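The lines below spell out each chain.
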Amino acid sequence: MFASLMLSKTAFIAALGIASVSAMSTAVAQTATEIQLSYKDKKFEPAEISAPANTPVVIKLKNLDAKAMEFESKTLKVEKVVAGGSDAIINVRAQKPGRYEFFDEYNEKTARGALVVK
Amino acid sequence: MLAALIIVFREVFEAGLIIGIVLAVTRTVPHRNRWIGGGVLVGVLAACVVAAFAGALSNLFAGMGQELFNAAILTVAVVMLTWHNVWMARHGSELAGELRSAGQAVVEGAKSLLALAVVVGVAVLREGSEVVLFLYGVLAAGGDSAWSVALGGFGGLLLGALICVLTYVGLIRIPMRALFATTTVLIALLAAGMAAQATHFLEQANWLTAMDTIVWDSGWLLSDSSFLGRALHTLIGYTDQPTAMQLVVYLAILLVTFVLMRIYGSPAKAMPEPAHG
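As recorded in an unreviewed UniProt entry, chain B goes by the name FTR1 family protein, listed as coming from Bradyrhizobium sediminis. What UniProt states about chain B under its Sequence similarities (unreviewed entry) heading is, verbatim, "Belongs to the oxidase-dependent Fe transporter (OFeT) (TC 9.A.10.1) family." The record held by UniProt for chain B lists under Subcellular location (unreviewed entry) the comment "Membrane".

Put into structure tokens, the structure is as follows:
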């Protein structure tokens, strides 16, 4: 059928795209700031973290509660579900100085924190 | 209970919109309920499996398993939606006309239905796994509030289903001929939006770092986390801070769809069929 022909064409275009993109991406790798963050009893510890401006940030989040949580930040454009008792890595792109709030979507009122970029 | 309702509704909302559109698109196709229903069922089951292995999934690919998984299933949906549009360009008139009961149309229709069933399944899987994880966490924690939260979650599911019905009813009020034209555009935009979302996940996973500058910030005008912003995010891929790569991917999918529809959109009899593969 023509559909399989079409699919292979799409795959080819996609492969081309990925090849050209990965060639570019290796050129712009930057060293990131690493931040440890834990989540326990519906609270972030520490509640405020900081990072230098204009460098990517990697947040290593430990969910110490038994329940799943969703790390979310509207300003940082991050949403990540972290299962109970497990770790997660959250990549944040280089940011301008400012205060960026984040929270647990499942406990939006109590579980809040902020990333301060200086 | 209200918080649970809102959380679950937010997750189910997107799937509800997509299922509503798919139901409207396949209005004239025989056996569509079986296929779409199957897509939902498989999606729910797969969501439970994904939720059960959420921790393990997340740990894959240096902690980026979740992002890459999302990017992969969105890509599957994009391919299926594009395939459907191209298929409709070719066979849409047969289905719209009196030929819809003809044997050939039924057989052909099943192929497009499979593509759309996959899209539905993937949408349910993606949103559903988060709902399962959330509700499971609540029930596992026990206590008095667990049942009220579960009740809230159930209410959220019902509201999500209501969105699906409203989308469907809204679309089927459009006359048949205009419905095809409308849904073709809608599905092309839906596919482009999903491709841009997949791009976002790849950027989150640091697998895609080229052209990651934010092109504009329209958050002051319409935040993509507001209700309207979320609806537009699902429907046309609206995001208030798109990266250059997201825009390029978005436009590329629209262009590819347009070109493929032009190439394969000619009436079936005018072109010999390539071998089935």
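Remarks on the nonpolar core
B:Ile18, B:Ile19, B:Ile21, B:Ile36, B:Leu81 and B:Met194 are the most contacted members of the largest nonpolar core, which has 48 residues in total. Among the elements of the structure, helix H1 (2-25), helix H2 (32-52), helix H4 (65-96), helix H5 (103-141), helix H6 (145-172), helix H7 (176-204) and helix H9 (244-264) of chain B are those that each provide at least two residues to this core. In terms of residue count, the dominant contributor to this core is H7(B) (12 residues). Apart from the residues lying within four places of it in its own chain, the contact partners of B:Leu81 are B:Leu116, B:Val119, B:Ile187, B:Leu190, B:Ala191 and B:Met194. A:Ile49, A:Phe71, A:Ala88 and A:Ile90 belong to the second-largest nonpolar core, a separate cluster that totals 23 residues.

Describing the packing of aromatic side chains
Residues and elements named next belong to chain A. Going through the model one piece at a time under the given rule, you end up with eight aromatic pairs over all chains. Taken together, a centroid distance of 6.0 Å and an interplanar angle of 85° make the contact between Phe-44 and Phe-71 edge-to-face. Placement of the pair is Phe-44 in strand E2 (residues 43-45) and Phe-71 in strand E5 (residues 69-73), with a sequence separation of 27 residues. With a relative accessible area of 0%, Phe-71 lands in the buried category. Connected via pairs of aromatic rings, a cluster forms that spans Tyr-39, Phe-44, Phe-71 and Phe-102.

Considerations on the environment of B:Gln204
In this structure, B:Gln204 sits in helix H7. Among residues more than four places away in sequence, those in contact with B:Gln204 are A:Lys77, A:Val78, A:Asn91, B:Met64 and B:Glu67.

Describing the pattern of salt bridges
Evaluation of the coordinates by the stated rule reveals 14 salt bridges over all chains. Among the charged side chains, a network of salt bridges with common partners joins A:Glu48, A:Arg99, A:Glu101 and A:Arg112.

Details of the packing of H7(B) against helix H8 (residues 227-236) of chain B
All names here are of chain B. Between H7 and H8, the least distance of the axes is 6 Å, while the angle of their chain directions is 105°. Our classification of the angle between H7 and H8 gives roughly perpendicular. The segment H7 lies against H8, with Leu-186, Leu-189, Leu-190, Gly-193 and Gln-197 engaging His-233, Thr-234, Leu-235 and Ile-236.

Observations concerning H9(B)
For H9(B), with 21 residues, the first-to-last C-alpha span of 30 Å sits near the 30 Å given by 1.5 Å per residue. Every buried residue belonging to H9(B) is among B:Ala244, B:Met245, B:Gln246, B:Tyr250, B:Ile253, B:Thr257, B:Leu260 and B:Tyr264, and all of these are buried.

Structural notes on the pairing of strand E4 (residues 57-63) of chain A
Residues and elements named next belong to chain A. Counting buried positions along E4 gives five out of seven residues, so the element sits mostly inside the fold. Pairing analysis gives seven bridges linking strand E1 (residues 33-40) to E4, with the strands arranged parallel. Its bridge partner lying in E4, Ser-38 is registered against Lys-62. Examined bridge by bridge, E4 and strand E7 (residues 87-92) share six bridges and lie antiparallel to one another. Following the sheet pairing, Leu-61 is matched in E7 by Ala-88.

Quick notes on the rules
Numbering of residues begins from 1 in every chain and follows the order in which that chain's sequence is written. Think of it this way: whatever chain is written first is A, whatever ligand is written first is 1, and the rest follow in order. Where totals are concerned, whole chains, interfaces and linings use all residues; where local detail is concerned, this predicted model gives features only for residues with pLDDT of at least 70, and gives and counts side-chain atom pairs only at 80 or more. Hydrogens are left out, water is left out, and the side-chain values use all remaining heavy atoms of the structure. UniProt positions are given in the numbering used here, feature names are shortened, and annotations may be inferred rather than shown by experiment. Put simply, buried Ala, Val, Leu, Ile, Met, Phe, Trp, Tyr and Cys residues joined by side-chain atoms within 4.5 Å make one nonpolar core. A simple rule labels every residue: compare its accessible area, found with a 1.4 Å probe on the protein chains alone, to the largest value its type can have, and call it buried under 20%, exposed over 50%, or partly exposed in between. Comment: elements are numbered from the N terminus, with helices defined as DSSP H or I runs of at least four residues and strands as E runs of at least two. We call two residues contacting when some pair of their heavy atoms lies within 4.5 Å. To pair, rings of Phe, Tyr and Trp, with the six-membered ring standing in for Trp, must have centres within 6.5 Å; the planes then decide the type, stacked if under 30 degrees apart, edge-to-face if over 60, and tilted in the middle. By definition here, a salt bridge exists when the distance from a side-chain nitrogen of Lys or Arg to a carboxyl oxygen of Asp or Glu is within 4 Å. Under this scheme, a helix contributes an axis fitted over its contacting stretch, all axes are lines through C-alpha atoms, and angles between N-to-C directions fall in the 0 to 180 degree range. In this scheme, roughly parallel covers angles under 35 degrees and roughly antiparallel covers those over 145, while 65 to 115 is roughly perpendicular and the rest are oblique. Expected span of a helix: the number of residues minus one, times 1.5 Å. A pair of strands is considered paired only if DSSP assigns at least 2 bridges between the two.

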